[in-house]
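The primary structure of each chain is shown beneath.
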Amino acid sequence: MTEPTVSPPPARDLCGTMLVHRRMLNESMSYRSQRAVIENRALQYEIGRLSSARRGPVVIPVVVHVVAGRDHPEQNIDDEQVHSQITVLNQDFRAANPDVSKVPDVWRDLVADTQIEFRLATRDPNGEPTDGIVRVVTDRPGFDHRDGVKSSRTGGADPWPSDRYLNMWVCQLAGSLLGYATFPGQPPHLDGVVIGHSFFGTTGTAAAPGNPFNRGRTTTHEIGHWLNLFHIWGDDDGACSSDDKVADTPNQADANTGMPTFPHVTCANGPNGDMFMNYMDYTDDAGMFMFTQGQLARMNACLEGARASFLAAMPEAEAEAVRADGSRHADAGEARGVPDGEVERLLHDSERLTTEALHDIRAALNTVAGYSRW
Amino acid sequence: MSGEPPDVVGAWLHSHEEDTETAAVYRPADHPFRPSRRPRRGLEFRADGTFTDLRPGPDDRPREVPGRWRDEGGGRLRITFPAGDGAPSDLSVISCADGVLMIAK
């Protein structure tokens, strides 16, 4: 035991510092290692060496954490606004959005029905009934981009298990931020999307006059990241050197904003130019209305890799039915849109990927351990 | 710029809507900015000489790049980063008053 009032000797300081340094380095290396595995799998789907085994839609259970300031009741958005966002997602990801008809003819064949649907959770992590909406009152006037909204210790709401639920946090965001996401491979306690309440759904605070982000597309965009999609311009600061690792989206220089006019040519991508109506560009909500087949391949790689738990898991309603009648167990996988044999294959795949990731992490840890001896 | 060095200590976000042909306009991070899907570039100057460059990131939030800053006089600020995080750069402060930081483009 050490007296709390006694300052530790310098050597201990150094040791503590090194521990923190090593932890951060290890976490970073772990993330990088997992990202490498995830990108390798995405590439195999992109080039056709692997293809999706999914048959029919997958349903992602969603929990919406509404984190509202004590003195700001408008931040406590109502159920209708939450439901309006779920409706948008189920239109956008199924190519059932009315404005999909505005896709230019040259890209109409590329429009993807991703066969991904979203439902508010009906069971909480303990199996208790829920409406899938968690409400938290906070003393904080708002949150920045540093994940504070994701923990009750920092005035936010703790996530539900990220291998079973897509966590969405809705709050007041600072600095004019609309929202942000995590790519697959992030630590589970940070996994999910954060959306400013004025840009969530289509009613309530999102329906303010003059709001160009009033159609729920911020959440569509962020979930695109959650399913491992990159920005369509490749995040290369206006250069043409990098793209989004999707072949059927033209390489473009930088983000488009507002409501561009077709065609908008950059990076010698004429005559059709930028696919600025893609959900992964930065246009106004009314200006984005499509995912492509190539983007769907990346999403499938993610769903059958890093996020395979959503395919393999039994739907909550199905689980309830199984508890009542064990004979329905055999149908659970099919109801999820994946044939039974494929569930097993996906589980094997997931296990293999985990093993590979652990191998990489061990290698990285050995490197760090070797370094620390100096 | 001459006289007292500019007091730029604080967190600033790019108010690109207010840019002129020659100046980039920054305002304090708590300014009621217009919503923007593109994350705003940010500059955080601390009194101890540390600096954070907030650059638009691939997940829609600013990516924080830590560095250091020093006042070189005449309104010039020298920004440096650890190796691999970016080349040193100079910022030329045109003015910093009344909650508006103007930097030469």
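Keep in mind the model is a prediction, meaning the values are calculated, not measured. (Residues numbered from 1 in each chain as written. Chains lettered and ligands numbered in written order. Predicted model: local features only at pLDDT ≥ 70, side-chain atom pairs only at ≥ 80, totals over all residues. Heavy atoms only, no water.)

### Here's the deal with the overall build of chain A
A count of helices and strands for chain A gives 8 helices and 8 strands. Going through the 374 residues of chain A one by one, you find that 50% of them count as buried. A sequence separation of at least 24 residues applies to 68% of the contacts in chain A between residues at least 6 apart. Carbon together with sulfur atoms contributes 55% to the accessible area of chain A, which is approximately 17,200 Å² in total. (Helix = DSSP H or I, 4+ residues; strand = E, 2+ residues; numbered from the N terminus. Buried < 20%, exposed > 50% of the residue type's maximum accessible area, 1.4 Å probe, protein only. Contact = heavy atoms within 4.5 Å. Areas by Shrake-Rupley, 256 points an atom, 1.4 Å probe, with all protein chains shown as cover.)

### So, the confidence of the model for chain A
With 76% of its residues at a pLDDT of at least 70, chain A reaches an overall mean of 85. Note that residues 317-337 of chain A has pLDDT below 50 and, in this model, 30 contacts with residues that lie over four places away or in other chains. (pLDDT = per-residue confidence, 0-100.)

### Description of the interface of chain B and chain A
The interface is formed by 19 residues belonging to chain B together with 31 residues belonging to chain A. Surface buried jointly by chain B and chain A totals about 1,900 Å² across both partners, of which 49% is contributed by carbon and sulfur atoms. Sorting the residues of chain B by area buried against chain A places R37, D60 and R61 of chain B first, and these three jointly supply 44% of that buried surface. One can count 5 salt bridges joining chain B with chain A. Between R37 of chain B and D285 of chain A there is a salt bridge, with the nearest N and O atoms lying 2.8 Å from each other. Our count for the chain B to chain A interface comes out at 16 residue pairs in polar contact (both at pLDDT 80 or more). By residue class, the composition of the side of chain B that touches chain A is 8 nonpolar, 2 polar and 9 charged. (Buried area = accessible area lost by both parts, 1.4 Å probe. Salt bridge = Lys/Arg side-chain N within 4 Å of Asp/Glu carboxyl O. Polar contact = N/O pair within 3.5 Å; in protein donor to acceptor, adjacent residues only side chain to side chain. Nonpolar A, V, L, I, M, F, W, Y, C, P; charged D, E, K, R; others polar.)

### Looking at the environment of G273 of chain A
All names here are of chain A. Along the chain, G273 falls in the loop between β7 (257-258) and β8 (282-283). Given the relative accessible area of 0%, G273 is considered buried. With 21 residues separating them in the primary sequence, G273 and Q252 have C-alpha atoms 7.6 Å apart.

### Some points on the pairing of strand β2 (residues 116-120) of chain A
Residues and elements named next belong to chain A. Burial of β2 is extensive: 4 of the 5 residues sit out of reach of the surface. Both strand β1 (residues 58-69) and β2 contribute to a ladder of 5 bridges, which runs parallel. The residue bridging V62 from the neighbouring strand is L120, located in β2. (Pairing = 2+ DSSP bridges.)

### Here we look at the pairing of strand β2 (residues 23-28) of chain B
Looking down a regular strand, the side chains alternate between one sheet face and the other. Residues and elements named next belong to chain B. Across the 6 residues that make up β2, a large majority, 5, are buried. Sheet topology places strand β1 (residues 10-14) next to β2; 3 bridges connect them, and they run antiparallel. Bridging across to β2, L13 finds its partner in R27. When β2 meets strand β8 (residues 100-104), the two strands line up antiparallel, connected through 4 bridges. Pairing of V25 across the sheet is with M102, part of β8.

### Thoughts on the sheet that holds β2 of chain B
Strand order in this closed barrel of 8 strands is β1-β2-β8-β7-β6-β5-β4-β3 (chain B), and the pairing throughout is antiparallel. On average, each strand axis in the sheet is tilted by 35 degrees relative to the strand beside it, whichever way the strands run. (Axes fitted to C-alpha atoms, helices over the stretch in contact; angles between N-to-C directions.)

### Some remarks on the state of the cysteines
Residues and elements named next belong to chain A. For the structure on display, the rule yields 1 disulfide over all chains. The side chain of C240 participates in a disulfide bridge whose partner is C267; the two sulfur atoms lie 1.9 Å from each other. Taking the sign of the S-S torsion, about -90 degrees here, the bridge from C240 to C267 comes out left-handed. In this pair, C240 sits in the loop between α3 (217-226) and β7 while C267 sits in the loop between β7 and β8, placing the two residues 27 residues apart along the sequence. With a relative accessible area of 41%, C240 lands in the partly exposed category. For C267, a relative accessible area of 22% corresponds to the partly exposed category. (Disulfide = S-S within 2.5 Å.)

### Quick look at the pattern of salt bridges
Residue and element names in this part refer to chain A. Taken as a whole and assessed by the stated rule, the structure comprises 28 salt bridges over all chains. E39 is the salt-bridge partner of R35, the closest N and O atoms lying 3.0 Å from each other. Remark: E39 and R35 occur in helix α1 (residues 10-46); sequence separation between them is 4 residues, near one turn of the helix. For the pair formed by R35 and E39, the shared burial category is buried.

### Regarding α3 of chain A
All names here are of chain A. Of all 10 residues in α3, 10 are buried; the element is thus mostly enclosed. For α3, the complete set of buried residues consists of R217, T218, T219, T220, H221, E222, I223, G224, H225 and W226. Of the residues flanking the end of α3, it is N228, one or two places downstream, whose phi is positive at about 80 degrees.

### Observations regarding unusual backbone geometry
Residues and elements named next belong to chain A. Note that the residue after F262, namely P263, is joined by a cis bond; omega there is -5 degrees. Locating P263 in the fold gives a position in the loop between β7 and β8. That bond from G270 to P271 is cis: its omega, 0 degrees, falls within 30 degrees of zero. Along the chain, P271 turns up in the loop between β7 and β8. Positive phi outside glycine occurs at Q115, with the angle close to 60 degrees.

### Remarks on helix α2 (residues 79-92) of chain A
Because the α-helix completes a turn every 3.6 residues, residues three or four places apart line up on one side. All names here are of chain A. For α2, with 14 residues, the first-to-last C-alpha span of 20 Å sits near the 20 Å given by 1.5 Å per residue. Restricting attention to buried positions, one finds in α2 the residues Q81, V82, S84, Q85, I86, V88, L89 and D92. Buried residues belonging to α2 abut β1, β2, β3 (133-138), β4 (166-171) and α3. (Expected span 1.5 Å × (residues − 1).)

### Quick notes on the side chain of E222 of chain A
If you trace the backbone, E222 of chain A turns up in helix α3. No salt bridge forms around the buried E222 of chain A; measuring N to O, its nearest opposite-charge neighbour R37 of chain B is 6.3 Å away. At 3.4 Å, the side chain of E222 of chain A forms a polar contact with the backbone nitrogen of A181 of chain A. Discounting residues that sit within four places of it in the chain, E222 of chain A has contacts with G179, Y180, A181, V193 and I195 of chain A together with D59 and D60 of chain B. (Lys, Arg positive; Asp, Glu negative; His and termini not counted.)

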